[in-house]
Amino acid sequence: MKKNLFLILLLAVYLVQSNLSLAHTKETFESESSAIADKLPNFVNYIPDANGILYVKKGATGNGSAWNNALGELADALKFAKTNNATTTNPQVSEIWVAKGTYKPLYRADNLDGADATDRNNAFVLINKVEVYGGFPDIGNPAMINRNFTTNPTVLSGNLDVNIAAYHVVISVGTEQETVLDGFIITGGNANGTGINSITVNQKTIYQANGGGMYNAYSSASIKNCIFHSNTTLQRGGAMVNDNASPIISNCSFMNNNATDVINAYAGAMYNSSSNPVITNCIFDGNTGTRYGGAMHNTSSAPIIVNSIFKNNRTTSSFGNGGAVYNQNSSSSKFTNTLFYNNFANGSGGAFYNDGSAPSVTNCTFYGNTVSSHSLNGQSVFTNGNNFALNNSILWVNDSFIADGVLSGSVTGANNFIQQTGGPPSNPVAAYTAAQLFTDAPNGNLTLKANSPAINAGNNAVVNTFTDLAGNSRTRDNKVDIGAYEVQSGNTIVSMVPAANGTLYVKQGSAGNGSSWANAAAELADALLAAKGNAAIKQIWVAKGTYKPLYKAAEVDNGNVPTTDRDKAFVLVKDVKLYGGFAGAETDISQRDLTNTPNATTLSGDLGTAGNTTDNAYHVLISAGDAGTAELNGFTLTDGNADGSNIIMVNGNTVFRYWAGGMYNYRSSPTLSNVTLSNNAATYGGGMFNDNSSPTLSNVTLSNNTATNNGGGMFNIISSPTLSNVTLSNNTATNYDGGRM
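Residues numbered from 1 in each chain as written. Predicted model: local features only at pLDDT ≥ 70, side-chain atom pairs only at ≥ 80, totals over all residues. Heavy atoms only, no water.

1. Brief notes about helix α3 (residues 74–85)
Over its 12 residues, α3 runs 16 Å from end to end, which matches the ideal 16 Å to within 8%, given 1.5 Å per residue. Of all the 12 residues making up α3, 12 are buried; the element is thus mostly covered by neighbouring parts of the structure. Buried within α3 are the following residues: Leu-74, Ala-75, Asp-76, Ala-77, Leu-78, Lys-79, Phe-80, Ala-81, Lys-82, Thr-83, Asn-84 and Asn-85. (Helix = DSSP H or I, 4+ residues; strand = E, 2+ residues; numbered from the N terminus. Expected span 1.5 Å × (residues − 1). Buried < 20%, exposed > 50% of the residue type's maximum accessible area, 1.4 Å probe, protein only.)

Structure, rendered in structure tokens:
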């Protein structure tokens, strides 16, 4: 009963914190669910397990309560989740785990009618706050850690029958960021209806000529580890349409998708209209759009694209502009650490066409992008207007190309290498060749070679990420390189050198490189930043004192909600162990005296005015994603205050600003020993919040933490922490239950 009450209250909190238009969508979403539920027969009584998980395995005939009792179709699981979750007193479906196999939509997206398996309006419709995961093996009793997207392909196919394809494979309307689609191949959608034909899903119009793979409307779902391939649209977004939507998209591939109309084809892969998606670590490869944008089209949108690749995309008509990207109608897209390679436009802008918009391109590499002729129409970039901000980037065609048409139009910014004699001011280019700049450009290796003139030639002030396109440290030798890749032969901007055994030493007041106590680094934040880019660092020993986070945990700003200083947090690094409680001269961990209060090592979120919690960090410590053997040992975590709203992305994972003032674990299972979490606050989980995590805690104290809603000391959701000698005392939950846990 308490679990159900919490879910009702949690839903209410989310509704209050969401914007008005999305809240209205959710209300209609729920009212429509109830109406449909009234009309549907009780076809099967599926049963989620104790954690709210339904299990799906192709061909199975069970009730979904376990892998050995799985149900057989994802379509049935989603249909059940919608009708079941509409009644909040029911045990709620929170996750759906899907074993490998090919699944097809069985029900119409507008009314869940399943009378015709070949109805082209059939689609998989995501359910608000339900997480759907693929990639599980179809044998045994696999856990989340056993997923493998390569060996266990989980396919959502729009191929309903011979020569019959669904207009849309997946639809997401009115969903929030807690709604997840993770680990699927989406293929075979064909949105080739006429421009005015549509259906209504959750009281929003879904056009049959747009979004063959996935249609997002008024939605902010999280889409991870997915492949969108061989989807087609007549007009907009072969793989995906985002209409007034801001999905979080990470580690996805968009391949061989098409937009085909001769006059009105926008974006072979992704079409964004009044939308602000955040896209990280994605690949757009081999997509084709007839007219406006081979891969992506942005209109009145502000997408953020980081650490991604656009290659082999093309527009094909004689007026086809923007081989990879087409920007228009005041779109302020941001591209960082992104590669544009071998894209082609039959019109203008081999890689990028900008019309009346203000994009920002930072630390990007353009190579081998072309147009149909070597005329002055932007082999790499065509821009109409002067609001194109280009910084720390390389625009190159190939060594045989000599003309002034690599860039057509004017740009602002500096520290760029542009292959044309009439380069813009502050962007000089000498007589370099690709062989001098890149490792092996003709074969697509566009990392910088040793002694490349682009090394250390950038401007640090415009850098806003920790890693480059390859996932390595973005800045080394104290100066950023030009282009998407950073040469790794120098030191990071935080110059750290571990001892021979992999230990890095930190002591307040020091100014060294961390190689010993005598040459210790001054800040734990710097040591963690160095460890993220240096696999030689295995342990960090931290002497007594109070340390505060110096860096924002988010890799990049969310377009709708920019990060602030309160997003600063310590972030654990996979397989790196942190030990505190040292006096500052020990040679072995066993020499620590953790009972000696003067040697206490404190991690504090009190960033601003002392005692004023409104400017404290939302989270003191975050562990997001696979932590490996990471450990926290001998620390006190205090003064975090997770009273915010919205999210940030950490290591490609969603982190909510109102969960976990002390420590936030998301899909992460570090070890904590000899740790105290005290005087932290949050809406949920004042001391610690575990989401899909199983940390191991021994000799840990959670005391005097508060939650305005639930879980003053600790909040667990779909998590199984192991507790040994753990004390929870004087923790409070102000409004609801769970003062301790």
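2. Details of the pairing of strand β45 (residues 445–448)
Burial along β45 is one-sided: Leu-446 and Leu-448 are buried, and none of Asn-445 and Thr-447, which face the opposite way, are. Looking at chain direction, strand β44 (residues 438–440) and β45 are connected through two bridges and run antiparallel. Looking at the pairing, Asp-440 lines up with Asn-445 of β45. Between β44 and β45, which pair antiparallel one after the other, the connecting turn spans four residues, and Gly-444 there sits at a positive phi close to 85°. (Pairing = 2+ DSSP bridges.)

3. Topic: the sheet that holds strand β17 (residues 227–229)
With respect to topology, 11 strands assemble into an open sheet ordered β3-β6-β11-β17-β21-β25-β29-β33-β37-β41-β43, the strand pairing being parallel. The sheet is open, and its two borders are formed by β3 (101–103) and β43 (417–418), each paired with just one other strand. Pairing of β17 with strand β21 (residues 253–255) involves three bridges; the strand directions are parallel. In the strand pairing of β21, Ile-227 is matched with Ser-253.

4. Remarks on the sheet that holds strand β9 (residues 170–173)
Sheet architecture is open: 10 strands sit in the order β4-β9-β15-β19-β23-β27-β31-β35-β39-β42, paired in parallel fashion. One side of each edge strand has no neighbouring strand; the edge strands of this open sheet are β4 (124–125) and β42 (407–408).

5. Quick notes on the packing of aromatic side chains
Throughout the structure, instances matching the rule amount to 36 aromatic pairs. With a centroid separation of 4.8 Å and an interplanar angle of 20°, the aromatic rings of Tyr-326 and Tyr-353 are classed as stacked. Here Tyr-326 is found in strand β31 (residues 325–328), whereas its partner Tyr-353 is found in strand β35 (residues 352–355), with 27 residues between them in sequence. The exposure classification of Tyr-326 matches that of Tyr-353, with both residues buried. Feature note: the residues Phe-228, Phe-254, Phe-284, Phe-310, Phe-335, Phe-340, Phe-352, Phe-366 and Phe-388 constitute an aromatic cluster, connected by ring pairs. Stacked on the ring of Tyr-218, the Lys or Arg Lys-204 has its end atom at 4.0 Å from the ring centre. Arg-592 extends its terminal NZ or CZ atom over the ring of Phe-582, reaching a point 5.6 Å from the ring centre. (Phe/Tyr/Trp six-rings, centres within 6.5 Å; stacked < 30°, edge-to-face > 60°. Lys NZ or Arg CZ within 6 Å of the ring centre and 35° of its normal.)

6. Overview of the side chain of Ser-623
Examined against the element boundaries, Ser-623 turns out to sit in strand β54 (residues 621–624). The contacts of Ser-623, once residues within four sequence positions are left out, are Leu-572, Met-663, Tyr-664, Asn-665, Tyr-666, Ser-668 and Pro-670. (Contact = heavy atoms within 4.5 Å.)

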